Amino acid sequence: MKSSACNGCAAELSSFPANARPAAAVHTVGASRRAQKSSRGPLHGRLLSGSGAALEPTGRSGNAHTRPPFPCPAASSCDPAPGRRGWLRAGDLRLARQPELDEDESAEGRRWGAQHAGARELAALYSPGKRLQEWCSVILCFSLIAHNLVHLLLLARWEHTPLVILGVVAGALIADFLSGLVHWGADTWGSVDLPIVGKAFIRPFREHHIDPTAITRHDFIETNGDNCLVTLLPLMNMAYKFRTQSPETLEQLYPWECFVFCLTIFGTFTNQIHKWSHTYLGLPCWVTVLQDWHVILPRKHHRIHHVAPHETYFCITTGWLNYPLEVIGFWRRLEDLIQGLTGEKPRADDMKWAQKIK
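These numbers come from a predicted model, not from an experiment. Per chain, the residues get numbers from 1 upward, laid out in the order the sequence is written. Reporting of local features is limited, given that this is a predicted model, to residues whose pLDDT is at least 70; pairs of side-chain atoms are given and counted only at 80 or more, and all residues count toward the totals for whole chains, interfaces and linings. To obtain the side-chain values, all non-hydrogen atoms of the structure were used and water was disregarded.

Novice: So, the overall build of the protein: which residues are in play, and what are the values?
Specialist: In DSSP terms, a helix is any run of H or I states spanning at least four residues, a strand is any run of E spanning at least two, and both are numbered starting from the N terminus. Of the regular secondary structure elements, the protein holds 19 helices and five strands. Burial classes follow relative accessibility: with a 1.4 Å probe on protein chains only, a residue under 20% of its type's maximum area counts as buried, one over 50% as exposed, and anything between as partly exposed. The buried share of the protein, taken over its 358 residues, is 48%. Throughout, a residue-residue contact means that at least one pair of heavy atoms, one from each residue, lies within 4.5 Å. Considering only contacts within the protein whose residues lie at least 6 apart along the sequence, 73% involve residues at least 24 apart. Here the protein has roughly 17,900 Å² of accessible surface; of this, 63% comes from carbon and sulfur atoms. Exposure was quantified through the Shrake-Rupley algorithm and a 1.4 Å probe, taking into account, for residues, occlusion by the shown protein chains and nothing else.

Laid out in structure tokens, this is it:
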């Protein structure tokens, strides 16, 4: 059988430096299709828990110094040691390398990541006007966060502690669900060609599936601008209350305002958390600790979403709700309902951009 690069692996591999890529990271078409068929359901996580490639990019001296893990949706087909489970190390990859890839395999590898034709076209749609909107959103959002935080601290009382803790947990849960709802909606429906929202808000979702690590090359403004825009309304409403309500009223509203504040904080930083889940080098220690303890979205957990056709595990703030929602088939049932009512096919636009290989 002629080998062809696995879409999920090639997309991630193409974003790593050339000296970090195994020359023979190719899989059979059959194995890739089996991986895609297994991408739905609670057992899907097992697909990524077995063998895969752990890459060790070399420094200037050629010595291995870092080992970012890399998920392989068709892991069993690319494991050079049959029956062996777990991560492969750089030495295993060197043993598995072929002398060279044929022309078709090399071309297939260039179809994903930053070299993908659709990814280049989508990246070019990022406009100066969009950049201005992001700057304004970030500045206004963080100004309001600072203003509201100061007022919350001034009103804090020890007796509020239990309700504040409850508000933090509830805020994280609801933010996780809302992140999944927005992520699912933008991934599954709509088009880049839609007026206003297409290029401004749907475009990044299309780019992300064919160049998953493009987000790691975005600066703080581009990463968080849209989320800051979304959270402006609740932050402004909270600031208005602090300016107009009496101290007695604010005392009664304090637990609720703490919940709203935590919800907006988690919402504001959702895409930053998402970016960290794709970043394998140079993360601060405190971020990796939060990921390891699953306080925020872990890297290994989020890989499940990036197995084509990207139809599960949409929640990207903490990821706490992904498994429960998958068990009850929440997203699948919602898609079936909308498709039955509208006749629209889920992820049609996403597939269109993925197929732009020239």
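So that's the structure; there's more coming.
Novice: Give me the lowdown on the side chain of His218, citing residues and values where you can.
Specialist: As for its placement among the helices and strands, His218 is situated in the loop between α10 (197–210) and α11 (220–230). Here His218 falls in the buried class, since its relative accessible area comes to 18%. Separated by 3.4 Å, the side chains of His218 and Glu222 make a polar contact. Residues contacting His218, with those up to four places away along its chain left out, are Glu207, Thr223 and Lys275. Side-chain atoms alone can form a polar contact between residues adjacent in sequence; in general such a contact is a pair of N or O atoms within 3.5 Å, and within protein one must be able to donate a hydrogen while the other accepts it.

Novice: So what's going on with unusual backbone geometry? Residues and values would help.
Specialist: In this structure, Ile196 takes a positive phi of about 65° despite not being glycine. Note on placement: Ile196 falls in the loop between α9 (161–188) and α10. Not every positive phi belongs to a glycine, and Arg347 is a case in point at roughly 60°.

Novice: Talk me through a nonpolar patch on the surface; I want residue IDs and the actual numbers.
Specialist: On the surface, Ile165, Val169, Leu173, Ile174, Leu178, Leu181 and Trp320 cluster together into a nonpolar patch covering about 550 Å² of accessible area. Following the sequence through the fold, Leu181 ends up in helix α9. When its relative accessible area of 32% is taken as the criterion, Leu181 is described as partly exposed. Excluding any residue in a salt bridge, patches collect residues exceeding 30% relative accessible area, merging like charges within 9 Å and nonpolar Val, Leu, Ile, Met, Phe, Trp and Tyr side chains within 5 Å. Here, a salt bridge means any Lys or Arg side-chain nitrogen found within 4 Å of an Asp or Glu carboxyl oxygen.

Novice: Mind laying out the packing of α9 against helix α13 (residues 247–268), listing which residues take part and the relevant values?
Specialist: The packing of two helices is summarised by the inter-axis angle and the distance between the axes. Orientation of α9 relative to α13, taken along the N-to-C sense of each, is 40°, at an axis distance of 8 Å. Considering how the two elements wind past one another, α9 and α13 form a crossing that is right-handed. The segment α9 lies against α13, with Leu163, Val164, Gly167, Val168, Ala170, Gly171, Ala172, Ile174, Ala175 and Leu178 engaging Tyr254, Pro255, Cys258, Phe259, Cys262, Leu263, Phe266 and Gly267. Here the term charged refers only to Asp, Glu, Lys and Arg, the term nonpolar to Ala, Val, Leu, Ile, Met, Phe, Trp, Tyr, Cys and Pro, and the term polar to all other amino acids, Gly among them. Tallied by class, the residues present in the contact of α9 with α13 amount to 15 nonpolar, three polar and no charged. A fitted line through C-alpha atoms serves as each axis, taken over the contacting stretch for helices, and the angle formed by two N-to-C directions is quoted from 0 to 180°. We call a crossing left-handed when the near helix sits turned anticlockwise from the far one by less than a right angle, and right-handed when that turn is clockwise.

Novice: Explain the packing of helix α8 (residues 128–155) against α11 to me, and be specific about the residues and the numbers.
Specialist: The contact between α8 and α11 brings their axes to 8 Å, and the two run at 70°. Taken together, the axes of α8 and α11 are roughly perpendicular relative to one another. Like other packed secondary-structure pairs, α8 and α11 cross with a definite hand, here left-handed. Every residue of α11 that contacts α8 at Lys130, Arg131, Gln133, Glu134, Trp135, Ser137, Val138, Cys141 and Phe142 is listed here: Phe220, Ile221, Glu222, Asn224, Gly225, Asp226, Cys228 and Leu229. Among the residues forming the contact of α8 with α11, the class breakdown is eight nonpolar, four polar and five charged. When describing relative orientation, an angle under 35 degrees is termed roughly parallel and one over 145 degrees roughly antiparallel, while 65 to 115 degrees is termed roughly perpendicular and anything else oblique.

Novice: Lay out the side chain of Glu134 in plain terms, naming residues and giving numbers.
Specialist: When you line up the elements, Glu134 lands in helix α8. Only four residue types enter the tally: Lys and Arg on the positive side, Asp and Glu on the negative side, with His and both chain ends excluded. Comment: no salt bridge for buried Glu134; closest opposite-charge side chain is Lys130, at 4.2 Å. Contact partners of Glu134, with chain neighbours within four places excluded, come to Tyr126, Ile221, Glu222, Gly225 and Asp226.

Novice: I'd like a rundown of the environment of Ala308, residues and numbers included.
Specialist: Here Ala308 shows up in the loop between α16 (299–302) and α17 (322–327). Taking the C-alpha atoms as reference points, Ala308 and His209, 99 residues apart in sequence, are found 8.6 Å from one another.

Novice: With reference to specific residues and values, describe helix α15 (residues 285–292).
Specialist: Regarding α15, the residues found buried are Val287, Thr288 and Gln291. All buried residues of α15 lie within an arc of 95° about the axis, which places them on one face of the element. Every exposed residue of α15 that faces more than 90 degrees away from the buried side is listed here: Cys285, Trp286 and Asp292. Downstream of α15 by one or two residues, His294 has phi in the positive range, about 60°. The arc refers to the directions leading from the helix axis to the C-beta atoms.

Novice: Which residues make up the environment of Thr244, and what values do they have?
Specialist: With respect to the element layout, Thr244 can be found in helix α12 (residues 232–244). On the basis of relative accessible area, Thr244 is assigned to the partly exposed category, the value being 44%. At 2.8 Å, the side chain of Thr244 and the backbone oxygen of Tyr240 are in polar contact.

Honestly, it's all geometry; don't read function into it.
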